[in-house]
There are 2 protein chains.
Amino acid sequence: MVQIQTLSKNQKIILDIIEKANEPLKAYSILFNVQKKGIKAPLQVYRALEKLIKLGKIHKVESRNAFVACKNSNCEISKATVFSICETCEKVTEISNQKLSKYLKNFHDKTGMTYKKYNLEFYGLCTTCKRS
Amino acid sequence: MVQIQTLSKNQKIILDIIEKANEPLKAYSILFNVQKKGIKAPLQVYRALEKLIKLGKIHKVESRNAFVACKNSNCEISKATVFSICETCEKVTEISNQKLSKYLKNFHDKTGMTYKKYNLEFYGLCTTCKRS
DNA sequence: ATAACGTTTGTTATAATATAACATATTTGA
DNA sequence: TCAAATATGTTATATTATAACAAACGTTAT
Ligand SMILES: [Zn+2]
Ligand SMILES: [Zn+2]
Ligand SMILES: [Zn+2]
Ligand SMILES: [Zn+2]
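Read on for a plain summary of the structure. (Residues numbered from 1 in each chain as written. Chains lettered and ligands numbered in written order. Predicted model: local features only at pLDDT ≥ 70, side-chain atom pairs only at ≥ 80, totals over all residues. Heavy atoms only, no water.)

## Focus on the protein's contact with DNA strand C
Here is step 1 of the chain: Neighbouring DNA strand C are 16 residues, the closest being Lys26, Leu43 and Lys60 of chain A together with Gln44 and Arg47 of chain B.
Here is step 2 of the chain: Backbone sugar and phosphate groups make up 46% of those atoms of DNA strand C lying within 4 Å of the protein.
Here is step 3 of the chain: Measuring from a phosphate oxygen of DNA strand C, one finds a side-chain N or O atom of serine 8 of chain B at 2.7 Å.
Here is step 4 of the chain: A distance of 3.4 Å separates a phosphate oxygen of DNA strand C from a polar atom in the backbone of lysine 9 of chain B.
Here is step 5 of the chain: Sort the elements by how many residues they give to the surface near DNA strand C and helix H3 (residues 42–54) of chain B lands first, with 4 residues. (Near = heavy atom within 4 Å. Polar contact = N/O pair within 3.5 Å; in protein donor to acceptor, adjacent residues only side chain to side chain. Helix = DSSP H or I, 4+ residues; strand = E, 2+ residues; numbered from the N terminus.)

## Re the nonpolar core
Here is step 1 of the chain: If you look at the biggest cluster of nonpolar residues, it comprises 26 residues, and the most contacted ones within it are Leu104, Leu120 and Phe122 of chain A together with Leu104, Leu120 and Phe122 of chain B.
Here is step 2 of the chain: If you list the elements that add at least two residues to this core, you get strand S3 (80–86), helix H4 (98–105) and strand S5 (114–125) of chain A together with strand S3 (80–86), helix H4 (98–105) and strand S5 (114–125) of chain B.
Here is step 3 of the chain: Each residue touching leucine 104 of chain A, except ones within four places of it in the same chain, is listed here: Val82, Tyr118 and Leu120 of chain A together with Leu100, Leu120 and Phe122 of chain B.
Here is step 4 of the chain: Within the second largest apolar cluster, 21 residues are counted, among which are Ile18, Leu52, Leu55 and Phe67 of chain B. (Core = buried A, V, L, I, M, F, W, Y, C linked by side-chain atoms within 4.5 Å. Buried < 20%, exposed > 50% of the residue type's maximum accessible area, 1.4 Å probe, protein only. Contact = heavy atoms within 4.5 Å.)

## Observations concerning the pairing of strand S1 (residues 58–61) of chain B
Residues and elements named next belong to chain B.
Here is step 1 of the chain: Bridge count for S1 against strand S2 (residues 66–69) is 4 bridges, and the pairing is antiparallel. Looking at S2, one finds that histidine 59 is bridged to valine 68.
Here is step 2 of the chain: What sits between the antiparallel neighbours S1 and S2 is a turn of 4 residues, in which asparagine 65 has the positive phi angle 45 degrees. (Pairing = 2+ DSSP bridges.)

## Points about the interface of chain B and chain A
Here is step 1 of the chain: Across the boundary between the two partners, chain B contributes 34 residues, which contact 34 residues of chain A.
Here is step 2 of the chain: With both sides pooled, the region where chain B packs onto chain A buries about 3,000 Å², and carbon together with sulfur makes up 61% of that total.
Here is step 3 of the chain: Viewed at the interface, chain A and chain B are joined by 3 salt bridges.
Here is step 4 of the chain: We note a salt bridge from glutamate 87 of chain A to lysine 117 of chain B, for which the minimum N-O separation is 3.3 Å.
Here is step 5 of the chain: Summed over the shared surface of chain B and chain A, the number is 14 residue pairs in polar contact (both at pLDDT 80 or more).
Here is step 6 of the chain: For the side of chain B that touches chain A, the elements supplying multiple residues, two or more each, are S3, H4, S5 and helix H5 (127–131) of chain B. (Buried area = accessible area lost by both parts, 1.4 Å probe. Salt bridge = Lys/Arg side-chain N within 4 Å of Asp/Glu carboxyl O.)

## Focus: the packing of H4 of chain A against H4 of chain B
Here is step 1 of the chain: Closest axis-to-axis distance for the H4 of chain A/H4 of chain B pair is 12 Å, and the angle between their directions is 160 degrees. Our classification of the angle between H4 of chain A and H4 of chain B gives roughly antiparallel. As H4 of chain A runs across H4 of chain B, the sense of the crossing is left-handed. On H4 of chain B, the residues touching Lys99, Leu100, Tyr103 and Leu104 of chain A of H4 of chain A are Lys99, Leu100, Tyr103 and Leu104 of chain B. (Axes fitted to C-alpha atoms, helices over the stretch in contact; angles between N-to-C directions. Parallel < 35°, antiparallel > 145°, perpendicular 65-115°, else oblique. Left-handed = near helix turned anticlockwise from the far one by under 90°.)

Right, here's the structure in full:
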């Protein structure tokens, strides 16, 4: 049975801001942006972020402590994320590559460990920054 | 020409601690451990960490804000790291897999972005935690 | 040797990121 | 309808990381 999840008020507000941004947002920058809407404390932001991550609506870009909306409809509920990050302009893009996903999903090493999730971040130069 | 890099006093102290630990260490736990050796301030720790990372002696486990010694001699100076992380006991292991490394190193997407580095973290259950 | 340069250190203060603890309210479902 | 789960509000605090400045050290080229 597929669970239809309705978002709470705070969750909606915060998802909305993240979706409208075209860059990863930091928690305290989100907080600043929602203070006019009555969300006053860091914890309110972090709680919403945690839930949104669980639902796969957003991802955390670990190396940047920032949050982006998931643009990838077949992204398995936050369990498998791949990002490309420009080290010059900090542009972040979620990569959706079937072959790569399949490769990583099936990866297992000799230790016998079972992998439920992964996060991959590529760092480099975007085409814009390459030109300048 | 291969550059022989001699570590400074603080860098040696901190690398030593990280190498002896069998788990990722957090910056402030390192700080606590080296206070008897005269390193008193966070910045002294963070500066040494930064240098050690650049030299490829240690890596940062991004999702844990923790630092581990590199166990992988053919790890290209901090440019390509793969970790397995047990979500139950937090055991972290650096994975050295030629095939995976080659695959990721050669990965490129349609955007034309050039990747200089990557970091991959697998999350799951280690064999010990699986049993209990 | 010594000046110039880059690197490292020491130090104080502060910024940025994240969680603990507790009280209350709201929603969900048997 | 009432218990359980989820969400909110609030204050305080913990954790992680950097800014800014001054001094010492190490290396290299005159
Ligand atoms: Zn996604
Ligand atoms: Zn760029
Ligand atoms: Zn390594
Ligand atoms: Zn484990």
